[in-house]
Amino acid sequence: MSSTTNVLAPYRVGILGGTFDPIHYGHIKPALDIAKQLKLDELSLMPAHIPPHKQGTHADAMHRLKMTELAAKEGASITVDNRELTRNTPSYTVDTLAQIRQERPNVQLFFLVGMDSLLSFTRWYKWQEILTYCHLVVSVRPGYDKALLNEQDQQALAPYFCDSTESLVHHHAGKIVLLNQPSIDVSSTELRSAITNNCFDESLQPKSVIDYIKRHNLYR
Ligand SMILES: Nc1ncnc2c1ncn2[C@@H]1O[C@H](COP(=O)(O)OP(=O)(O)OP(=O)(O)O)[C@@H](O)[C@H]1O
Ligand SMILES: O=C(O)c1ccc[n+]([C@@H]2O[C@H](COP(=O)([O-])O)[C@@H](O)[C@H]2O)c1
């Protein structure tokens, strides 16, 4: 480490929450790109037990966790945080981040989401409180665009948007930053329907996850 770097930079922790039903490269690759771009010290994948905005899940939590653990091996520095699986209430991000913040008061937290999540963010439970714990990092996702935010949401979110990743160092939390990494056109919904038809694609999911799905006959 040079004498001028990192002396004042806070320790940076990135968290990608998701249903991961199943996990795919649209989750992992943008997260790894963001980790590099933002020089994150840690990156964790956090499977949701009861995703607040979804009508249930397809594979049970234990399978989603196992697939997430396999996918985490795709990046040397990725870990899995299973804390939400220990709660039997909706996996509200605000509760999770409040807990993490209590455990680690001094780290800078970055909650990673895709653009589709930004479009619904003002409907998340206590969304303003979420931004007191973390920065929100939004990755591009085919089919979704910031321009699709309605007028009311644009106004609500405007004070939080931040143009440069460099300036994030000056804020402990509370900024929303949009990053422009290569996009990956895949969703768990599309994969589930392909798997039902016995179609698997190693360009969209790690082979280890595909093998797990086959072994446990998931999504049939
Ligand atoms: N292809 C993608 N590119 C960028 N972000 C993505 C992509 N797929 C998912 N994400 C983001 O990852 C997080 C978890 O997504 P989730 O597990 O719901 O996957 P999904 O593919 O959207 O699932 P489903 O199709 O079942 O709704 C969300 O913040 C979502 O915006
Ligand atoms: O807290 C909320 O109200 C909330 C609403 C929607 C999604 N989330 C979180 O956002 C992450 C991605 O959710 P999903 O449904 O796209 O898999 C996951 O960690 C969810 O718990 C959280």
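For clarity, every value in this text was computed on a predicted model and none was experimentally measured. (Residues numbered from 1 in each chain as written. Chains lettered and ligands numbered in written order. Predicted model: local features only at pLDDT ≥ 70, side-chain atom pairs only at ≥ 80, totals over all residues.)

To continue, consider unusual backbone geometry. Put simply, Asp21 and Pro22 share a cis peptide bond, and its omega is 5 degrees. Relative to the helices and strands, Pro22 resides in the loop between β1 (12-18) and α1 (25-37). Of note in this structure, Asn198 is not a glycine but carries a positive phi near 65 degrees. The residue Asn198 is located in the loop between α7 (188-196) and α8 (207-215) in this model. At Asn217, a position not held by glycine, the phi torsion is positive, near 55 degrees. In this fold, Asn217 is placed in the segment after α8. (Helix = DSSP H or I, 4+ residues; strand = E, 2+ residues; numbered from the N terminus.)

Attention now moves to the UniProt feature "domain: Cytidyltransferase-like" (unreviewed entry) in the protein. Residues annotated by UniProt as "domain: Cytidyltransferase-like" (unreviewed entry) correspond here to residues 15-193. What you have in residues 15-193 is 35% helix and 16% strand, and the ends, taken at the C-alpha atoms, are 27 Å apart. (UniProt positions renumbered as here; feature names shortened; annotations may be inferred.)

Below, the discussion takes up the site of ligand 1. Contacts to ligand 1 come from 18 residues, most closely from Gly18, Gly26, Gly114, Ser188 and Thr189. Secondary-structure elements contributing two or more residues to the shell around ligand 1 are α1, β4 (108-114), α4 (115-120) and α7. If you tally residues by element for the shell around ligand 1, the top one is α1, at three residues. Grouping the amino acids of the shell around ligand 1 by side-chain chemistry returns five nonpolar, ten polar and three charged. (Near = placed C-beta within 6 Å. Nonpolar A, V, L, I, M, F, W, Y, C, P; charged D, E, K, R; others polar.)

Neighbouring residues of ligand 2: 15 residues in total, closest Gly17, Thr19, Ala48, Trp124 and Tyr125. By residue class, the composition of the shell around ligand 2 is seven nonpolar, seven polar and one charged.

Another aspect to go through is the packing of helix α2 (residues 61-72) against α8. Viewed as axis vectors pointing N to C, α2 and α8 meet at an angle of 155 degrees, and their least axial separation amounts to 8 Å. Judged by the inter-axis angle, α2 sits roughly antiparallel to α8. For α2 against α8, the interelement crossing comes out right-handed. In this structure, α2 uses Lys66, Met67, Leu70 and Ala71 to contact α8, whose residues at the interface are Ser208, Val209 and Tyr212. Partitioning the contact of α2 with α8 into residue classes produces five nonpolar, one polar and one charged. (Axes fitted to C-alpha atoms, helices over the stretch in contact; angles between N-to-C directions. Parallel < 35°, antiparallel > 145°, perpendicular 65-115°, else oblique. Left-handed = near helix turned anticlockwise from the far one by under 90°. Contact = placed C-beta atoms within 7 Å.)

A regular strand places its side chains on the two faces of the sheet in alternate fashion. Across the seven residues of β1, six count as buried, placing the element largely inside the fold. In this sheet, β4 lies alongside β1 in parallel orientation, the contact comprising five bridges. The residue bridging Val13 from the neighbouring strand is Leu109, located in β4. Where β1 and strand β2 (residues 42-47) come together, six bridges link them in parallel fashion. Paired with Leu16 across the strands is Leu45, a residue of β2. Following the chain from β1 across α1 to the adjacent parallel β2, one finds a crossover that is right-handed. (Buried ≥ 20, exposed ≤ 12 C-beta atoms within 10 Å, placed from the backbone. Pairing = 2+ DSSP bridges. Right-handed = clockwise from strand over helix to strand, strands pointing away.)

Attention now moves to the sheet that holds β2. The strand order β3-β2-β1-β4-β5-β6 describes an open sheet built from six strands, whose pairing is parallel. Each having just a single partner strand, β3 (78-80) and β6 (176-179) make up the two edges of the open sheet. On average, each strand axis in the sheet is inclined to that of its neighbour by 30 degrees, with strand direction left out of account. Seen against the sheet, helix α3 (residues 93-103) touches β1 and β4 and runs at an angle of roughly 155 degrees to β4.

Moving on, we come to α3. Listed in full, the buried residues belonging to α3 are Thr93, Thr96, Leu97 and Ile100. One side of α3 holds all its buried residues, which, seen down the axis, span an arc of 90 degrees. For α3, the elements touching its buried residues are β1, β4 and α5 (127-133). (Arc of directions from axis to C-beta.)

In a regular helix each residue adds 1.5 Å, so 13 residues correspond to 18 Å; α1 covers 18 Å between its end C-alpha atoms and thus fits that length. Three or more residues of α1 are buried, namely Gly26, His27, Ile28, Pro30, Ala31, Leu32, Ile34 and Ala35. Contacts from the buried residues of α1 go to β1, β2, α2, β4, β5 (135-139) and β6. Of the residues trailing α1, Lys39 is marked for its positive phi of about 50 degrees. (Expected span 1.5 Å × (residues − 1).)

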